[in-house]
There are 2 protein chains.
Amino acid sequence: MNNAPHDHIVKSYDEEQRRLIGEILHMGEIAAAQLEAALDVVERRDDRAAQRIIGNDEAIDALERKVSHDVMQLALRGPMARDLREILAGLRIPTDIERIGDYAANVAKRSLALNTVPPVPHTTTLKALGHLAVRQLRDVMEAYRDNDAEKAVLVRERDAELDAAYTSLFRELLTYMMEDARNITPCTHLLFMAKNLERIGDHATNIAENVWFLVKGDTPLPPREKRDTTSTTGQL
Amino acid sequence: MNNAPHDHIVKSYDEEQRRLIGEILHMGEIAAAQLEAALDVVERRDDRAAQRIIGNDEAIDALERKVSHDVMQLALRGPMARDLREILAGLRIPTDIERIGDYAANVAKRSLALNTVPPVPHTTTLKALGHLAVRQLRDVMEAYRDNDAEKAVLVRERDAELDAAYTSLFRELLTYMMEDARNITPCTHLLFMAKNLERIGDHATNIAENVWFLVKGDTPLPPREKRDTTSTTGQL
């Protein structure tokens, strides 16, 4: 229950800022749990659990709306210029977490479709990719919690691993599709699920860049190449 | 040149707000032009034009960073509560436009991959889907320009058409893949391109919801079902 009487007392700027950072960390935790649950139902072929994950996504969406609103209210108290970065991060990071939640729910949704066809053996590689994504999300939320710009840069660098794992799974799935037309439908779902996990990595990278900006201000991060080569290679 | 001396004079709150709305409309126009150009290069198989579109995406990204920064600066002048919605819209709409720009660049990028394999005949349906997406973007930007909540609701409703066109193309592409394994690689690119266009529709819908919120405040929009059924149907 968040309706305890003391919630009606206006908190100090710093207290409210701390509360909001806590809410954002909580959002990140829910998204990571959703993602882990989604990876789990793919393996267990559990429709009821998948439906539960899909239903839970609304909670992240609602939190995102609430947090944006509260961050803006805080901004309107007229903070000092040094708080501007905290406010911008507080508006942007929840948007990325909300998108990660959507992708987790989408993995769960596609697992329902996969469950209507015979099992495919390639879900282990998908799970490995998913665990890389979970790790990226958890690490970047820790970087946010600890104002740790170096850790954020590490997460951003490690996105290359996720991209490489995605590209490798992508090519693997294509060969299964070419071998047997009956694999096309399930493998197409797996392709999109893999793409969802790769996109989660991109959002973790966005969060990492926001943590850098929060801690380091205008100090530029080096420009970074996109490494998902599946969209530019013809032979895949 | 935007460096004329009068730019150094601090503008009034209203003037600055109008200028920022103009910048956001300009962002939308660039994204729509990028998307149209991307659809065009898919048809013409023009690698140089595709590279140009990919390069242009940085301009939208830079505008988004600039606009967010300026909107926050405006917020810090301590606007009235009634301006809060304008500021939230000014922070959120550019994010969606920036994502639309990314998807347009991704369509161009995948067209490069398509150009390395023999032509596939299914690009006409893709173009039709793309034109629906362009129309959604242009209409929602007009709704934003004119504070037209009803037009925004129409755009949101029409997203169902885009979803239906996507689902139909998705199924069509799967049949081509099943017919001939040589179609799998190009059709996989087309699948992802189609998905990019469908996602552009989702971002246009996000913008429509922000326009509604801007004009109508807390008056709720009716809950809306996700209609992309490709992720939940087994047989596709």
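Residues numbered from 1 in each chain as written. Chains lettered and ligands numbered in written order. Predicted model: local features only at pLDDT ≥ 70, side-chain atom pairs only at ≥ 80, totals over all residues. Heavy atoms only, no water.

Residue-level account of the overall build of chain A, with values.
Across its full length, chain A holds six helices and zero strands. Burial status across chain A gives 55% buried among its 236 residues. When contacts within chain A are restricted to residue pairs at least 6 apart in sequence, those whose partners lie at least 24 apart make up 84%. Carbon and sulfur atoms make up 53% of the accessible area of chain A, which amounts to about 10,300 Å² in all. (Helix = DSSP H or I, 4+ residues; strand = E, 2+ residues; numbered from the N terminus. Buried < 20%, exposed > 50% of the residue type's maximum accessible area, 1.4 Å probe, protein only. Contact = heavy atoms within 4.5 Å. Areas by Shrake-Rupley, 256 points an atom, 1.4 Å probe, with all protein chains shown as cover.)

An account of the packing of helix 1 (residues 13-44) of chain B against helix 3 (residues 84-114) of chain B is requested, with residue identities and associated values reported.
All names here are of chain B. Direction vectors running N to C along helix 1 and helix 3 enclose 15°, while the axes themselves pass 9 Å from each other. On the basis of the axis angle, helix 1 is roughly parallel to helix 3. Between helix 1 and helix 3 lies a crossing of left-handed hand. For the contact of helix 1 with helix 3, the residue count by class is 17 nonpolar, six polar and two charged. (Axes fitted to C-alpha atoms, helices over the stretch in contact; angles between N-to-C directions. Parallel < 35°, antiparallel > 145°, perpendicular 65-115°, else oblique. Left-handed = near helix turned anticlockwise from the far one by under 90°. Nonpolar A, V, L, I, M, F, W, Y, C, P; charged D, E, K, R; others polar.)

Before we move on, could you go through unusual backbone geometry and cite the residues and values that matter?
Phi angles above zero are rare outside glycine, and Asn147(A) is one such case at about 50°. Here Asn147(A) lies in the loop between helix 4 (123-145) and helix 5 (149-179).

Describe in detail the packing of aromatic side chains, supporting the description with residues and values.
The way to describe two aromatic rings as a pair is by their centre distance and the angle between their planes. On inspection of all chains with the given rule, the structure shows five aromatic pairs over all chains. Summarising the aromatic geometry, the rings of Phe192(A) and Phe170(B) are spaced 5.7 Å apart at their centres and angled 40° between planes, so their arrangement reads as tilted. Remark: Phe170(B) occurs in helix 5 (residues 149-179) and Phe192(A) occurs in helix 6 (residues 184-216); the pair is interchain, linking two chains. Relative to Phe192(B), the ring of Phe192(A) lies with its centre 5.0 Å away and its plane at 35°, an arrangement referred to as tilted. (Phe/Tyr/Trp six-rings, centres within 6.5 Å; stacked < 30°, edge-to-face > 60°.)

Lay out the packing of helix 6 of chain A against helix 6 (residues 184-216) of chain B with the relevant residues and their values.
As a packed pair, helix 6 of chain A and helix 6 of chain B sit with axes 12 Å apart at the nearest point and diverge in direction by 50°. On the basis of the axis angle, helix 6 of chain A is oblique to helix 6 of chain B. As helix 6 of chain A packs across helix 6 of chain B, the resulting crossing turns out to be right-handed. Contacts from Ile184(A), Thr188(A), Leu191(A), Phe192(A) and Lys195(A) of helix 6 of chain A reach helix 6 of chain B at Ile184(B), Thr188(B), Leu191(B), Phe192(B) and Lys195(B).

Go over the pattern of salt bridges, please, and point to the residues and values.
Oppositely charged side chains are able to pair whenever their charged atoms sit close together. All names here are of chain A. Tallying each qualifying case throughout the model produces 36 salt bridges over all chains. In this structure, glutamate 209 and arginine 156 form a salt bridge, with 3.1 Å as the shortest nitrogen-oxygen distance. Here the residue glutamate 209 occupies a position in helix 6, and arginine 156 occupies one in helix 5, the gap between them amounting to 53 residues. Using a relative accessible area of 29% as the deciding quantity, one classes glutamate 209 as partly exposed. Note that lysine 195 is salt-bridged to glutamate 198, the shortest N-O span being 3.1 Å. You can see lysine 195 and its partner glutamate 198 sitting in helix 6, three residues apart, about one turn around the helix. Just as lysine 195 is buried, glutamate 198 falls in that class too. Taken together, the shared-partner salt bridges in this structure form one network comprising Glu16, Arg19, Lys66 and Asp70. (Salt bridge = Lys/Arg side-chain N within 4 Å of Asp/Glu carboxyl O.)

Kindly report on helix 6 of chain B, identifying the contributing residues and their values.
Residue and element names in this part refer to chain B. The end-to-end C-alpha distance of helix 6, which contains 33 residues, comes to 47 Å, matching closely the 48 Å that a straight helix rising 1.5 Å per residue would cover. Across the 33 residues of helix 6, 29 count as buried, placing the element largely inside the fold. Remark: glycine 217 follows helix 6 within two positions and exhibits a positive phi of approximately 65°. (Expected span 1.5 Å × (residues − 1).)

Can you break down the environment of Tyr144(B) residue by residue, with the values?
Residues and elements named next belong to chain B. Here tyrosine 144 shows up in helix 4 (residues 123-145). Taking relative accessible area as the criterion, tyrosine 144 reaches 3% and is therefore assigned buried. Distance in space between the C-alpha atoms of tyrosine 144 and alanine 208 is 7.9 Å, their sequence separation being 64 residues. If near-sequence neighbours (up to four positions away) are discounted, tyrosine 144 is found in contact with Ile21, Ile24, Leu25, Glu86, Ile93, Val211 and Leu214.

Can you lay out the side chain of Glu64(A) for me, pointing to particular residues and giving the numbers?
Relative to the assigned elements, Glu64(A) resides in helix 2 (residues 47-75). The charged side chain of Glu64(A) is buried without a salt bridge, its nearest counter-charge being Arg92(B) at 4.6 Å. (Lys, Arg positive; Asp, Glu negative; His and termini not counted.)

Any details on the confidence of the model for chain A? Residues and values, ideally.
Caution applies to low-pLDDT parts of the model: their predicted coordinates are not meant to be read in detail. Residue and element names in this part refer to chain A. Here chain A averages 85 in pLDDT, and 86% of its residues register 70 or above. Of the regions scoring below 50 in pLDDT, residues 1-6 engages in two contacts with residues more than four places distant in sequence or in other chains. Across residues 232-236 the pLDDT falls below 50, and counting only partners more than four positions away or on other chains, this stretch makes 17 contacts in the model. (pLDDT = per-residue confidence, 0-100.)

So, helix 5 of chain A: which residues are in play, and what are the values?
End to end, helix 5 of chain A covers 46 Å across 31 residues, agreeing with the expected 45 Å (1.5 Å per residue, within 8%). A side-chain oxygen of the first residue of helix 5 of chain A lies 3.3 Å from the backbone nitrogen of Glu150(A); this N-cap is Asp148(A). (Polar contact = N/O pair within 3.5 Å; in protein donor to acceptor, adjacent residues only side chain to side chain.)

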